Amino acid sequence: MHETSIVNSIMRTLEMEFEQEKLNKMKAIHLKVGILSNIEPRLLHNAYSAYHITNPGYHRVALHIESTKLKIQCEVCNHITDVKNYRFICDNCERPSKNVIQGEEMLIHKVEFDD
Amino acid sequence: MSIEKSTKAARGTAQCENTNINLLKANDFVADIIKKEMAKTNTLLVNITSSAGSGKTTLMQKTAEKLKNKLNIAVMVGDLETERDAERIRETGIQALQIVTGGICHLEAQMIHQVLDQFDLPNIDLLFIENVGNLVCPASFDLGEDYRVTLMATTEGDDKPKKYPRMFLTSDMMLVSKSDLLPYLPFSVEAVTKDAREVNHELEVIQISSLTEEGIDKWCDWLVEKVKQKQQV
């Protein structure tokens, strides 16, 4: 259910962003989703396939999903830590940090169109 | 980094547009509208999240009972089906509106915005959103709330914060609910607090029981304080 809402939201967002004429030439959508976004790429691909049943207009548009790992940057020492086991603590100075710089994103980061 | 490969062959030339659009831009746009509406009337909006059956509705009843003479409170409550929760909350004498999502597992900003005109906002100090019982997707949908409060029942086991990290990372307060059952359960408040604070070191924690009223005064004082702060702005 969650993935279906997200696919609907992606398509609604693209329709807000681009003219219909351009959308007719859309070839691929590239997403970047962080490990913290609660988006499972395989399930999103399935939901996207299901979307085409009711919205056949976009059935030629490919969907690419890139997952990103979780990183925080310490506000005190600026060190960047790869977060493991959801311990949001700086590797260098051991201070806790909520400054997530990667891994939370849910982005449409590239859209391809036919010339 | 794993990249899902397309099975479609590239053909002809392509034109690319590099964007950085949030997938939930449509939701966040509406959440901003809600924030502005709430700022006009200085109404504090609190989003209550948790798993199913952790005591959200019972807490709403208890909170209404304790604070209804001090504050004007209203609740909107989301469920997949039935009016049951709103009916239970109305019994305490406050306004409650049921949002039936019809199978959707979370509330979206649009659903909140659609029902806002059912409330007399200038006369409401504190508006609760009792979210659908689910620790996964409600974490991703901003509803324009001032604070997000997550209930973590002792019956759920103390290992949940690391299993559902985004919910605890985005919450301001964790209420460890059903504390009256602690003597009968292998649940450690210390362990759950430690785990949750490893995810979010700013998380406030209160141990409560809607049955014995443990921690309820502390919770109500927190709400009254936040309402005051909102009204001073």
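All figures in this text were calculated on a predicted structure; none of them were measured in a lab.

A. Here's a closer look at the overall build of chain A. A tally of regular secondary structure across chain A gives 3 helices and 6 strands. For 115 residues, the compact-globule estimate of 2.2 N^0.38 gives 13 Å, and the C-alpha radius of gyration of chain A, at 18 Å, exceeds that figure by more than 25%. With the C-alpha coordinates aligned to their principal axes, the bounding extent of chain A is approximately 55 × 30 × 20 Å. Contacts spanning at least 24 positions in sequence make up 67% of the contacts within chain A whose residues lie at least 6 apart.

B. Summary view of the packing of helix 2 (residues 56-67) of chain B against helix 8 (residues 216-232) of chain B. Residues and elements named next belong to chain B. Packing of helix 2 against helix 8 brings their axes to within 11 Å, and their N-to-C directions diverge by 70°. The orientation of helix 2 relative to helix 8 falls into the category roughly perpendicular. Taken together, the residues of helix 8 that come into contact with helix 2 (itself represented by Lys62, Thr63, Lys66 and Leu67) are Ile216, Cys220 and Leu223. Here the residues of the contact of helix 2 with helix 8 are counted per class, giving 4 nonpolar, 1 polar and 2 charged.

C. Spatial organisation of the interface of chain B and chain A. Counting residues at the interface gives 39 residues for chain B and 41 residues for chain A. Of all elements in the fold, only strand 1 (14-22), helix 1 (25-41), helix 6 (165-169) and helix 7 (189-199) of chain B reach the threshold of two or more residues within the side of chain B that touches chain A. Class assignment of the residues belonging to the side of chain B that touches chain A gives a composition of 16 nonpolar, 15 polar and 8 charged.

D. Spotlight on helix 8 of chain B. All names here are of chain B. Helix length check: helix 8, at 17 residues, gives a terminal C-alpha distance of 24 Å against a target of 24 Å (1.5 Å per residue), a fit within 8%. Taken as a whole, helix 8 has its buried residues at Ile216, Trp219, Leu223 and Val227. Along the long axis of helix 8, the arc covered by the buried residues comes to 75°, so they all point the same way. Seen from the buried face of helix 8, the exposed residues on the opposite side, beyond 90 degrees, are Asp217, Lys218, Asp221, Glu225, Lys228, Gln229 and Gln232. Its buried side turned inward, helix 8 meets strand 2 (44-49), helix 2, strand 5 (126-130), strand 7 (173-177) and strand 8 (204-207).

E. Just the confidence of the model for chain A, in detail. Per-residue pLDDT for chain A averages 92, and the proportion of residues at 70 or more is 99%. Across chain A, strand 4 (residues 80-82) of chain A holds the top mean pLDDT of 97, while helix 1 (residues 2-17) of chain A sits lowest at 88.

F. Highlighting the sheet that holds strand 4 of chain A. Residues and elements named next belong to chain A. An order of 4-3-5 is seen for the 3 strands of this open sheet, with the pairing classed as antiparallel. In this open sheet, the two strands that pair with only one neighbour each are strand 4 and strand 5 (100-102). Each adjacent strand pair in this sheet contributes to an overall mean axis angle of 35°, direction not counted. Pairing of strand 3 (residues 71-73) with strand 4 involves 3 bridges; the strand directions are antiparallel. Bridging across to strand 4, Lys71 finds its partner in Asp82.

G. The arrangement of the sheet that holds strand 2 of chain B in detail. All names here are of chain B. With parallel pairing, the 7 strands of this open sheet are ordered in space as 4-3-5-2-6-7-8. On the outer flanks of this sheet lie strand 4 (95-100) and strand 8, each paired with one strand and no other. Within the sheet, the average angular offset between the axes of one strand and its neighbour, ignoring direction, is 20°. Of the pairings in the sheet, the one linking strand 6 (residues 147-153) to strand 7 comprises 5 bridges and is parallel in character. Considered in strand 7, the bridge of Leu151 is made with Leu175. Where helix 7 meets the sheet, it contacts strand 6, strand 7 and strand 8, and its direction lies at approximately 160° from that of strand 7. The strands touched by helix 8 within the sheet are strand 2, strand 5, strand 6, strand 7 and strand 8, with strand 2 carrying the most contacts at an inclination of about 145°.

H. Structural context of the UniProt feature "domain: CobW/HypB/UreG nucleotide-binding" (unreviewed entry) in chain B. UniProt marks residues 46-206 of chain B with the feature "domain: CobW/HypB/UreG nucleotide-binding" (unreviewed entry), using the numbering shown here. Helix makes up 29% of residues 46-206 of chain B and strand 23%, and the two end C-alpha atoms of the span are 16 Å apart.

Definitions and limits used
- Residues numbered from 1 in each chain as written.
- Chains lettered and ligands numbered in written order.
- Predicted model: local features only at pLDDT ≥ 70, side-chain atom pairs only at ≥ 80, totals over all residues.
- Helix = DSSP H or I, 4+ residues; strand = E, 2+ residues; numbered from the N terminus.
- Rg over C-alpha atoms; globule rule 2.2 N^0.38 Å.
- Contact = placed C-beta atoms within 7 Å.
- Axes fitted to C-alpha atoms, helices over the stretch in contact; angles between N-to-C directions.
- Parallel < 35°, antiparallel > 145°, perpendicular 65-115°, else oblique.
- Nonpolar A, V, L, I, M, F, W, Y, C, P; charged D, E, K, R; others polar.
- Expected span 1.5 Å × (residues − 1).
- Buried ≥ 20, exposed ≤ 12 C-beta atoms within 10 Å, placed from the backbone.
- Arc of directions from axis to C-beta.
- pLDDT = per-residue confidence, 0-100.
- Pairing = 2+ DSSP bridges.
- UniProt positions renumbered as here; feature names shortened; annotations may be inferred.

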